[in-house]
Structures are given as C-alpha cells and as structure tokens.
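# Commentary on secondary and tertiary structure
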Amino acid sequence: LDQGIVCRHRLIACDFENQPQKNWLITQYINISDNGVDELTIYMTFSSNTQCACQLSFSVWAYETNVINETGRVNNTSYSDTGVRLFHTTELGEQTTDSQRFTISSRGMYLSVVDGGSCTTVSRILVYYNVCPYQVVNMVVYPETVAPPFTNPQDRVVTGTCVDNASPISGDLNLECKVSGIWGDTQVMCSCDAGYENINGRCEEI
C-alpha cells in the first residue's frame with residue numbers, strides 16, 4: 001500500500017540461544033482507502049546471519065480494525081494468524097525474497113511479522129493489492145478499479161463513461177479488470193456529439 005512512507009531501516013533479530021521466544025515486528029496502521037479490497041500480498045526480503053538449528057521463517061499475524069488503535073496495536077492478543085509463512089531458502093548471508101497472499105475483511109489493520117528465534121536481517125517489507133489504473137481509451141473513461149482477488153480470479157467488469165460531449169458508437173462500454181491489475185482488450189468507443197470535434201481525445205465545440 002503506497003501511503004508515501006519510505007522506511008530505509010534494516011531490522012535485525014539475533015537471539016536464538018534463549019528459546020523459546022517470539023520477536024514481534026509490528027507495522028504502523030495500514031489504511032485501506034479503496035472499496036472492494038479483500039486480499040493483500042505481503043512481500044518480504046530477509047537474510048540469515050548465522051547457521052543454527054532453528055527454523056528460519058516468519059509467520060504473519062493481523063489485527064484488523066477500521067480505526068487507529070494504538071492500545072490494541074501493542075497487545076499481542078489482538079492479533080490473529082493469517083496463515084502466511086515466509087521461509088528463508090538461500091545460502092547463509094544471501095537474501096531471500098518471499099511473498100504470500102491473505103484475505104482481509106476490514107478497512108484497515110496492523111500487521112505483525114513474528115520471528116520464533118533466529119539471527120535474521122529484514123531489509124524490506126511491502127504490503128499491497130493490485131488495481132487496474134485509471135485510463136481513457138477510445139474516448140471512454142475507466143476509473144481506477146481494485147483488481148479481483150487471486151482466491152476468486154473472475155474478471156471484474158467495469159462500465160466506462162464517454163468523455164464530455166460524446167456518446168457511445170455501439171453497445172455497452174464494459175471492460176474487464178483482471179486479477180493482475182491489467183485491463184482487458186476493448187473494441188468499444190465513443191464519438192463526439194454533433195457540433196463537437198475530437199481534439200486530442202476531447203470533444204471541443206466547433
């Protein structure tokens with residue numbers, strides 16, 4: 001979710017001698033402003049700093065809430081397991097990049113990445129969902145649209161609108177938004193109304 005926040009810190013957990021333990025890395029509040037978002041992807045880059053007998057993996061937990069709640073944020077009992085597990089799969093010192101998807105039902109959340117006791121450096125965490133971008137094609141306007149989830153990858157049909165002072169040439173103006181955030185192909189178009197002409201994709205009065 002691009003909220004204009006850039007974090008360049010690297011986070012290190014390195015205490016596998018004192019077992020059992022859990023190290024919780026908790027995010028700031030993630031505000032989901034778009035309607036229709038019911039699946040997120042977490043993408044993480046991390047590396048192992050030493051050899052040990054422990055399992056080099058992270059679990060991802062979520063505290064879903066529609067409002068900012070700093071008290072709940074620091075209370076571990078607020079969080080539920082998303083079922084996501086991110087595993088280190090490369091050689092010692094080399095970076096692993098892993099990503100998983102999970103479903104959501106709220107307009108916001110805090111995420112916690114939980115380390116069970118290892119010696120690991122986390123260099124990047126990205127949480128996002130796909131959208132089909134705003135576009136104007138053949139003088140038809142399609143708004144930015146949240147893509148369908150991978151768990152139910154049926155194309156999301158969006159009805160476009162003609163630019164000002166234009167009308168459809170034929171049929172409806174439907175277009176499919178695909179799960180990858182890419183618009184489908186379209187043959188529909190609008191044309192300028194009588195008394196207007198197309199100037200750089202806009203209908204200007206003659």
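Data block above holds the structure.
Remember, it's a predicted structure, so these values are computed and weren't measured experimentally.

## So, the pattern of salt bridges
Summed over the entire model, instances satisfying the criterion amount to 4 salt bridges. A salt bridge links D155 to K178; the shortest N-O distance between them is 3.0 Å. With D155 in the loop between β13 (145-146) and β14 (156-159) and K178 in the loop between β17 (174-177) and β18 (190-192), this residue pair connects regions lying 23 residues apart in the sequence. The class of D155 is partly exposed, set by a relative accessible area of 31%. A salt bridge links R202 to E204; the shortest N-O distance between them is 3.6 Å.

## A look at the pairing of strand β8 (residues 108-115)
Of all 8 residues in β8, 8 are buried, a share of seventy percent or more. Both strand β2 (residues 23-26) and β8 contribute to a ladder of 4 bridges, which runs antiparallel. Following the sheet pairing, W24 is matched in β8 by V114. Here strand β3 (residues 30-31) runs beside β8; their pairing, made up of 2 bridges, is antiparallel. Counted as the bridge partner of I30 is M109 from β8. Two strands pair when backbone bridges link them, and strand β5 (residues 57-64) and β8 are joined in this way by 7 bridges, in the antiparallel orientation. Paired with V60 across the two strands is V113, which belongs to β8.

## Examining the sheet that holds strand β15 (residues 161-162)
With antiparallel pairing, the 3 strands of this open sheet are ordered in space as β11-β12-β15. Looking at strand neighbours, the two that pair on one side only are β11 (135-137) and β15, the edges of this open sheet. With 2 bridges joining them, strand β12 (residues 140-142) and β15 adopt antiparallel strand pairing. From the neighbouring strand, V140 faces β15, where its bridge partner is C162.

Calculation notes
Residues numbered from 1 in each chain as written. Predicted model: local features only at pLDDT ≥ 70, side-chain atom pairs only at ≥ 80, totals over all residues. Heavy atoms only, no water. Salt bridge = Lys/Arg side-chain N within 4 Å of Asp/Glu carboxyl O. Helix = DSSP H or I, 4+ residues; strand = E, 2+ residues; numbered from the N terminus. Buried < 20%, exposed > 50% of the residue type's maximum accessible area, 1.4 Å probe, protein only. Pairing = 2+ DSSP bridges.

Any functional reading would require information that these geometric values do not contain.
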